[in-house]
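Overview (structure and organization)
The residues making up each chain are set out below.
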Amino acid sequence: MKKIMAFGLTAGMLAASLFANGQQEQTIKIGFNIPLTGDSPKVGEGSKFAGELIKKEINDAGGLDVKGKKYKLEFIYVDNELKPESAIQAAYKLIDQDHVLACVGPDGSGRAIPAGEINNQKKTPMISPWATNPKVTLNRPYVFRACFLDPFQAPVAAKFAKDQFKVSKVAILYNLEDDYSKTLAELFRDAWTKQQGGTVEVFESFGQKDQDFSVQLTKVMNSKAELLYLPCYYNHVALITSQAKDLGWTGPVMGSDSWGSADLVNLSKGSVIGDYFTTHYAAAGATGKTKEFIDKYKAAYGYIPDDVGALSYDATKILLLAIQNAGLTGNLQKDRHAIKDALGKIKDYDGVTGKMEFTPEGDPIKEAVVVKIAANGDFTFVKSLKP
């Protein structure tokens, strides 16, 4: 069968595979730098499954049409284990060994920040589906994203919480070892005190491998906090919320977009039922192209796609659009540069996670939504939060 021919990383290196059985086939290689193992494997699964949906749909139709030529898609999935050092290694592998045209991911900011530095240095376009920290794209012309930013998420979440729960005293628990969690906690704290006039009664951290949160939660229970804010990944949220309930916490709990995993409710044994979090889209009640995507994903994989799946679908589609707009010459470095320029020229995009307009820095301006976790585990739409 057809094989990708690997040449040295030179200016004239071909980005497509040629000649098999007397016929010419050209292939576009895209790398996915995602966590398929580690503490949050569902994150990587969502990205991979979204990618596979797109690849099958396009390849079954004969390939991606780029300026009148058809190219088959080859997606290479590399596991970054949800570790910064592994994300860096994955970036080097995809760029230098696999010779991909561009990369999707890493998903989370803790991996996207260091990997993005490699992609930018190597002048290889990267688009992150789910990394909300401003540092991901800052001063990095080759790095883009498909999600809103934390400086937007934090203040709109604080305003919603103040209006919804009618409280003024909050406790915040965050992961000290994760850039996303730490930054969002600080941004929410500042928005809560400076814009909403509230007080932060507890501001406590924990480590990536922690399983017992009794020390932090005891401080929360002994404080005057009326609201618990958890800008943490779903695996930690499941443990914290269940332990908080065991200690007698009955107040409202508010979370961030890192809650949006299909595994959240099961892992928490239902302790998150009734809680709220800010996120990128609401699957329950979706219509139009969003519903079409959800239906296709569920039919293929048996469950409703989470935020990462939906954002990965948008990120990959945006990247493919840039490739179509840029065209391909077969010169890898020239094509990478042209794709970067084409990504920078996309001014708006109507995706499954909503309409977005892009800033010159490669960041989309888009709405967030608040969802409530219903008794049946559905993430139900509550409100849109506009920029």
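**Digging into the overall build of the protein chain**
- Looking only at helices and strands, the protein chain has 11 helices and 16 strands in total.
- Scaling as 2.2 N^0.38, a compact globule of 387 residues should have a C-alpha radius of gyration of about 21 Å, and the protein chain matches this with 21 Å.
- In terms of principal-axis extent, the alpha carbons of the protein chain reach across some 75 × 40 × 35 Å.
- Across the 387 residues in the protein chain, those meeting the buried criterion constitute 56%.
- Across the protein chain, contacts joining residues at least 24 apart in sequence account for 67% of those joining residues at least 6 apart.
- As presented, the protein chain carries roughly 15,700 Å² of accessible surface, and 51% of it is formed by carbon and sulfur atoms.
- A gap of 4 Å separates the mean positions of the 46 positive and 45 negative side-chain charges of the protein chain.

**Observations concerning the packing of helix H10 (residues 307-326) against helix H11 (residues 332-345)**
- With their axes 8 Å apart at the nearest point, H10 and H11 run at an angle of 115° to one another. One element, H10, and the other, H11, form an angle in the roughly perpendicular class. Remark: the crossing between H10 and H11 carries right-handed chirality. Along its contact with H10, which presents Ile318, Leu319, Ala322, Ile323, Asn325 and Ala326, the element H11 presents Ala338, Ile339, Ala342 and Leu343.
- Considering only residue class, the contact of H10 with H11 consists of nine nonpolar, one polar and no charged.

**Digging into helix H9 (residues 288-301)**
- For H9, with 14 residues, the first-to-last C-alpha span of 20 Å sits near the 20 Å given by 1.5 Å per residue.
- For H9, every residue scored as buried is listed here: Thr290, Phe293, Ile294 and Tyr297. Buried residues along H9 cover an arc of 100° about the axis, so they all sit on one side. What points out from H9, more than 90 degrees from its buried face, is the exposed set Glu292 and Ala299.

**Quick look at the environment of Ala238**
- Tracing the backbone through its elements, the reader meets Ala238 in helix H7 (residues 234-246).
- Put simply, Ala238 and Trp259 are 21 residues apart on the chain and 9.1 Å apart in space, counted from C-alpha to C-alpha.
- Ignoring sequence-local partners within four residues, the contact set of Ala238 consists of Leu264, Leu267, Ser268 and Ser271.

**Topic: the sheet that holds strand E12 (residues 348-351)**
- Read across the sheet, three strands follow the order E12-E13-E14 without closing on themselves; strand pairing throughout is antiparallel. In this open sheet, the two edge strands, each paired with only one partner strand, are E12 and strand E14 (364-365).
- This element, H10, spans E12 and strand E13 (354-358) of the sheet and lies at about 135° to E12.

**Quick word on the nonpolar core**
- By size, the foremost hydrophobic cluster in this structure holds 60 residues, and its most contacted members are Phe188 and Trp259.
- With eight residues, the top contributor of residues to this core is helix H4 (residues 150-165).
- Residue contacts for Trp259: discarding those within four places in its chain leaves Leu230, Cys232, Tyr234, Val237, Val253, Met254, Leu264, Val272, Asp275, Tyr276, Phe277 and Ile373.
- Counting residues in each nonpolar core, the second largest holds 45 residues, with Leu53, Phe144, Leu332 and Leu343 among its members.

**A few points about the state of the cysteines**
- One pass over the full model with this rule turns up zero disulfides.
- Free of any disulfide, Cys103 has its nearest neighbouring cysteine sulfur in Cys147, separated by 16 Å.
- With a relative accessible area of 2%, Cys103 lands in the buried category.

**Some words on the pattern of salt bridges**
- Taken as a whole and judged by the stated rule, the model has 19 salt bridges.
- For Asp39, the salt bridge identified is with Lys209, shortest N-O distance 3.5 Å. Pair noted here: Asp39 is in the loop between strand E1 (27-34) and helix H1 (41-60) and Lys209 is in the loop between strand E8 (199-206) and helix H6 (214-221), with a separation of 170 residues, a long-range link.
- Between Asp163 and Lys159 there is a salt bridge, with the nearest N and O atoms lying 2.9 Å from each other. Separated by four residues within a single helix, Asp163 and Lys159 lie in helix H4, roughly one turn from each other.
- Through salt bridges with shared partners, one network takes in Lys42, Glu45 and Asp263.

**Section: empty space enclosed by the protein**
- Going through the model one piece at a time under the given rule, you end up with two cavities of 30 Å³ or more.
- Across the lining of the second largest cavity, the residue classes break down as five nonpolar, three polar and no charged.

**Topic: the packing of aromatic side chains**
- All chains considered together, the criterion is met by 20 aromatic pairs.
- For the ring pair Phe160 and Tyr276, a centre distance of 6.0 Å and an interplane angle of 50° mean the geometry is tilted. Of this pair, Phe160 sits in helix H4 while Tyr276 sits in strand E11 (residues 276-279), placing them 116 residues apart in sequence. In this pair, the class of Phe160 matches that of Tyr276, namely buried.
- Aromatic pair Tyr297 and Tyr301: ring centres 5.0 Å apart, planes at 70°, arrangement edge-to-face. Of the two residues, Tyr297 and Tyr301 both sit in helix H9, four residues apart, roughly one turn of that helix.

**Things to note about the sheet that holds strand E9 (residues 227-230)**
- Pairing is mixed across the open sheet formed by seven strands, whose spatial order is E8-E7-E9-E10-E11-E15-E16. Each edge of the open sheet carries a strand with a single partner, namely E8 and strand E16 (379-385). Going across the sheet, the axis of each strand differs from the next one's by a mean of 20°, ignoring polarity.
- On top of the sheet, helix H5 (residues 179-195) reaches strand E7 (169-175), E8 and E9; it is set at about 165° to E7, its chief contact.

How each quantity is defined
Residues numbered from 1 in each chain as written. Predicted model: local features only at pLDDT ≥ 70, side-chain atom pairs only at ≥ 80, totals over all residues. Heavy atoms only, no water. Helix = DSSP H or I, 4+ residues; strand = E, 2+ residues; numbered from the N terminus. Rg over C-alpha atoms; globule rule 2.2 N^0.38 Å. Buried < 20%, exposed > 50% of the residue type's maximum accessible area, 1.4 Å probe, protein only. Contact = heavy atoms within 4.5 Å. Areas by Shrake-Rupley, 256 points an atom, 1.4 Å probe, with all protein chains shown as cover. Lys, Arg positive; Asp, Glu negative; His and termini not counted. Charge placed at Lys NZ, Arg CZ, Asp CG, Glu CD. Axes fitted to C-alpha atoms, helices over the stretch in contact; angles between N-to-C directions. Parallel < 35°, antiparallel > 145°, perpendicular 65-115°, else oblique. Left-handed = near helix turned anticlockwise from the far one by under 90°. Nonpolar A, V, L, I, M, F, W, Y, C, P; charged D, E, K, R; others polar. Expected span 1.5 Å × (residues − 1). Arc of directions from axis to C-beta. Pairing = 2+ DSSP bridges. Core = buried A, V, L, I, M, F, W, Y, C linked by side-chain atoms within 4.5 Å. Disulfide = S-S within 2.5 Å. Salt bridge = Lys/Arg side-chain N within 4 Å of Asp/Glu carboxyl O. 1 Å grid on protein atoms, 1.4 Å probe; cavity = no way out; pocket = protein on both sides within 12 Å on 5 of 7 lines; lining within 4 Å. Points joined across faces, edges and corners; volume = space filled by probe spheres on them. Phe/Tyr/Trp six-rings, centres within 6.5 Å; stacked < 30°, edge-to-face > 60°.

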